[in-house]
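Fold and contact review
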Amino acid sequence: MGRVLAVIIWIITLLSVLLFVSGKWWFPAAISEHGPALDRQFLITIVVVGISFTAAQIGLGWMIWKYRDTGKSHDRAIYSHGSNRLEVLWTVITAVVFISLGVMGQSVWASLRLHDAPPGSYTVEAVAQQFQWNFHYPGKDNKFGRTDPKLIDDSALNFVGLDSSDPAAADDSVTSALAIPVNRPVELRLRSKDVIHNFWVPQLRFKQDLVPGMEIKVHFTANKIGRYELACAELCGQLHFKMKSYMLVLPENEIQALQGLGQEQFQAKMAEYLAKYPLPNY
Ligand SMILES: [Cu+2]
């Protein structure tokens, strides 16, 4: 029985490793400037973790094989206090490996979050709520109209509380889909009206929480035109599964064509673009 168990463990290990090595269920192709660096970091991590996992499982199977019950009476278990030296050694090795991976990965992570967006970035405000996305565009004047939580009125479709008496609000638009230019830095200002949500576009290799009471500024550059699925990746309530939308990465002229359109025309143009670009195949 011990031998069977050991072999089963080795087979499961082999199959698990093959799942990754085959590359059949890998990420969709990256469409952001920081994507390749993130993928490289992910690959390093998965190789290191994969080697440790395989070594540990081979060892586990080997112990089960070696110390199986052979029915002989002299095969009695002995009690061991363990080895402090070994304990210290593998704890230190594990700590060094994990801290190194963390330090190596932080530069990409931090560059998108802790530094200001480059000047001239295309800025959009994202306001999440149960269970929809609202993207607020500043329009031609590049100035967001004043918003006030008191003015939020979902039944009047004023989801972000835009103050229409503010002149800067006149050319603003709010839509449920996100449109950004290709090859130009984009700054997102993330806010939430109720609970924690999470902005996630897998191809963008970007994922960030939206936290009530906070404005979180992040930035990235998308480099492939198309339509991509955008999901809320934080379990935010009963209809969380419905909280999805699209992100359009558009050529500069199509972005320009959107700017300054009033709310209705903006929405019509967005519908046109959404129909124009098919979703990528997975
Ligand atoms: Cu959500």
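Thresholds applied
Residues numbered from 1 in each chain as written. Predicted model: local features only at pLDDT ≥ 70, side-chain atom pairs only at ≥ 80, totals over all residues. Heavy atoms only, no water. Helix = DSSP H or I, 4+ residues; strand = E, 2+ residues; numbered from the N terminus. Buried < 20%, exposed > 50% of the residue type's maximum accessible area, 1.4 Å probe, protein only. Contact = heavy atoms within 4.5 Å. Polar contact = N/O pair within 3.5 Å; in protein donor to acceptor, adjacent residues only side chain to side chain. Pairing = 2+ DSSP bridges. Axes fitted to C-alpha atoms, helices over the stretch in contact; angles between N-to-C directions. Donors = N, O, S within 2.8 Å, 3.2 Å for Na, K, Ca; no water. Phe/Tyr/Trp six-rings, centres within 6.5 Å; stacked < 30°, edge-to-face > 60°. Lys NZ or Arg CZ within 6 Å of the ring centre and 35° of its normal. Salt bridge = Lys/Arg side-chain N within 4 Å of Asp/Glu carboxyl O.

Within the chain, the secondary structure is distributed over 5 helices and 10 strands. With the C-alpha coordinates aligned to their principal axes, the bounding extent of the chain is approximately 90 × 35 × 35 Å. For the chain, the residues scored as buried account for 35% of the 282 residues in total. Contacts in the chain between residues far apart in sequence, at least 24 positions, make up 72% of those at least 6 positions apart.

Within the secondary structure layout, His 136 lies in strand S2 (residues 132–137). Among the polar contacts listed, one links the side chain of His 136 to the side chain of Asp 172, at a separation of 2.8 Å.

Further remarks concern the pairing of S2. As a general feature of sheets, a regular strand has side chains that alternate between the two faces. With 5 of its 6 residues buried, S2 lies for the most part within the structure. Relative to S2, strand S1 (residues 122–129) runs antiparallel, the two sharing 5 bridges. Across the sheet, the residue bridging to Glu 125 is His 136, located in S2.

Attention now goes to the sheet that holds S1. On the basis of which strands lie adjacent, the open sheet formed by 5 strands has the order S3-S2-S1-S5-S8 and mixed pairing. Each edge of the open sheet carries a strand with a single partner, namely strand S3 (173–175) and strand S8 (216–221). Pairs of neighbouring strands in the sheet enclose a mean axial angle of 25 degrees, with direction left out of account. Along the sheet face, helix H5 (residues 263–276) touches S2 and S3 and points at about 40 degrees away from the line of S3.

Moving on: the coordination of the copper ion. All of the protein donors around the copper ion are His 197 (ND1), Cys 232 (SG), Cys 236 (SG) and Met 243 (SD); their distances to the metal are 2.1 to 2.5 Å. Mapped onto the sequence, the residues coordinating the copper ion show the spacing H-x34-C-x3-C-x6-M. With Cys 232 in strand S9 (residues 226–232) and Met 243 in the loop between S9 and strand S10 (244–250), the pair connects residues that are 11 residues apart, well separated along the chain. According to the relative accessible area criterion, Cys 232 is buried, its value standing at 6%.

Our next topic: unusual backbone geometry. Residue Phe 131 is bonded to the preceding Gln 130 through a cis peptide linkage, with omega at 0 degrees. Within the secondary structure layout, Phe 131 lies in the loop between S1 and S2. A positive phi angle, close to 60 degrees, is found at Asn 142, a residue other than glycine. Topologically, Asn 142 is positioned in the loop between S2 and S3. Among the residues examined, Asn 142 registers a relative accessible area of 53% and is labelled exposed.

What follows is about the sheet that holds S10. Ordered by their spatial adjacency, 5 strands build an open sheet running S4-S10-S9-S6-S7, and the pairing between neighbours is mixed. Because the sheet does not close on itself, it has two edges, and the strands there are strand S4 (178–181) and strand S7 (206–210). Neighbour to neighbour, the strand axes of the sheet diverge by 25 degrees on average, direction disregarded. Of the strand pairs in this sheet, strand S6 (residues 197–201) and S7 are connected by 5 bridges, and their pairing is antiparallel. Bridge pairing in S7 places Trp 200 opposite Lys 207.

Quick look at the packing of aromatic side chains now. Counted according to the given criterion, the structure contains 9 aromatic pairs. Measuring from ring centre to ring centre gives 6.1 Å for Trp 133 and Phe 135, while their planes differ by 10 degrees; the resulting arrangement is stacked. When its relative accessible area of 1% is taken as the criterion, Trp 133 is described as buried. Centre to centre, the rings of Tyr 137 and Phe 266 are 4.8 Å apart; their planes meet at 40 degrees, and the pair counts as tilted. Placement of the pair is Tyr 137 in strand S2 and Phe 266 in helix H5, with a sequence separation of 129 residues. Take Tyr 137 and Phe 266: they sit in the same class, and that class is buried. One aromatic cluster in this structure is built from Trp 133, Phe 135, Phe 199, Phe 206 and Phe 220. Across from the ring centre of Trp 200, 5.8 Å away, lies the NZ or CZ of Lys 207, which sits over that ring. Between Arg 227 and the ring centre of Tyr 246, over which it is positioned, the NZ or CZ distance is 4.6 Å.

Taken as a whole and assessed by the stated rule, the structure comprises 8 salt bridges. One salt bridge in this structure joins Asp 154 and Lys 193, with 3.2 Å as the shortest N-O distance. One end of the pair, Asp 154, is in the loop between S2 and S3; the other, Lys 193, is in the loop between strand S5 (185–192) and S6, and 39 residues separate them in sequence. Classification of Asp 154 as partly exposed rests on a relative accessible area of 35%.

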